[in-house]
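# A structural walkthrough
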Amino acid sequence: MSAPDTNVDKQAKRHAGPIIGIAAGIVLAILLLVVYLFYIATPADDTPDNTPTGEAAVTDGNATVTPDDAANEPGAEALPDAGTEPAEVPADN
């Protein structure tokens, strides 16, 4: 059943505040979505990484050591030169 005495103009005035609040919330949510999409779409800062270039580097956990320096470390095996022949591998029988 509907209400017997409905005044549409009076009801529109009473609902104006909540409708404005809901509209403001939707606009705020859309604005936050747009800002978030721009935030994730922008690339990271252009700071270069500290990866050494040129010779391959061997790290010992504390400092970067070049292959020539690795051979001089106590207890370290010398790295093979790029031009050396590979060791002979016995054939499987």
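Only a predicted model underlies this, so the values are computations on that prediction, with no experimental measurement involved. (Residues numbered from 1 in each chain as written. Predicted model: local features only at pLDDT ≥ 70, side-chain atom pairs only at ≥ 80, totals over all residues. Heavy atoms only, no water.)

### A short note on the overall build of the protein
For clarity, the cut-off: Elements are defined by DSSP. Helices are runs of H or I of four residues or more, strands are runs of E of two residues or more, and each kind is numbered from the N terminus. Burial status follows relative accessibility: with a 1.4 Å probe on protein chains alone, a residue under 20% of its type maximum counts as buried, one over 50% as exposed, and anything between as partly exposed. We get accessible surface area from the Shrake-Rupley algorithm with a probe of 1.4 Å; when it comes to residues, only the shown protein chains can shield them.
Per the secondary structure count, the protein includes 2 helices and 2 strands. What you see in the protein, going N to C, is helices and strands ordered as α-β-β-α. With 93 residues in all, the protein has 2% of them scored as buried. Here the protein has roughly 9,000 Å² of accessible surface; of this, 60% comes from carbon and sulfur atoms.

### A word on the confidence of the model for the protein
To be explicit about the condition: The pLDDT score gives, residue by residue, the confidence of the prediction method on a 0 to 100 scale.
Averaged over every residue, the pLDDT of the protein is 74; residues scoring 70 or more account for 46%. Mean pLDDT across the elements of the protein ranges from a minimum in strand S2 (residues 64-65), with 54, to a maximum in helix H1 (residues 8-41), with 94.

### Regarding a nonpolar patch on the surface
Defined as follows: Think of a patch as exposed residues, more than 30% relative accessible area, with no salt bridge, where like charges cluster within 9 Å and nonpolar side chains (Val, Leu, Ile, Met, Phe, Trp, Tyr) cluster within 5 Å. Whenever Lys or Arg places a side-chain nitrogen within 4 Å of a carboxyl oxygen from Asp or Glu, that contact is recorded as a salt bridge.
Together, Ile22, Ile26, Ile30, Val34 and Phe38 make up a nonpolar patch on the protein surface, roughly 510 Å² of accessible area in all. Tracing the sequence through the fold places Ile30 in helix H1.

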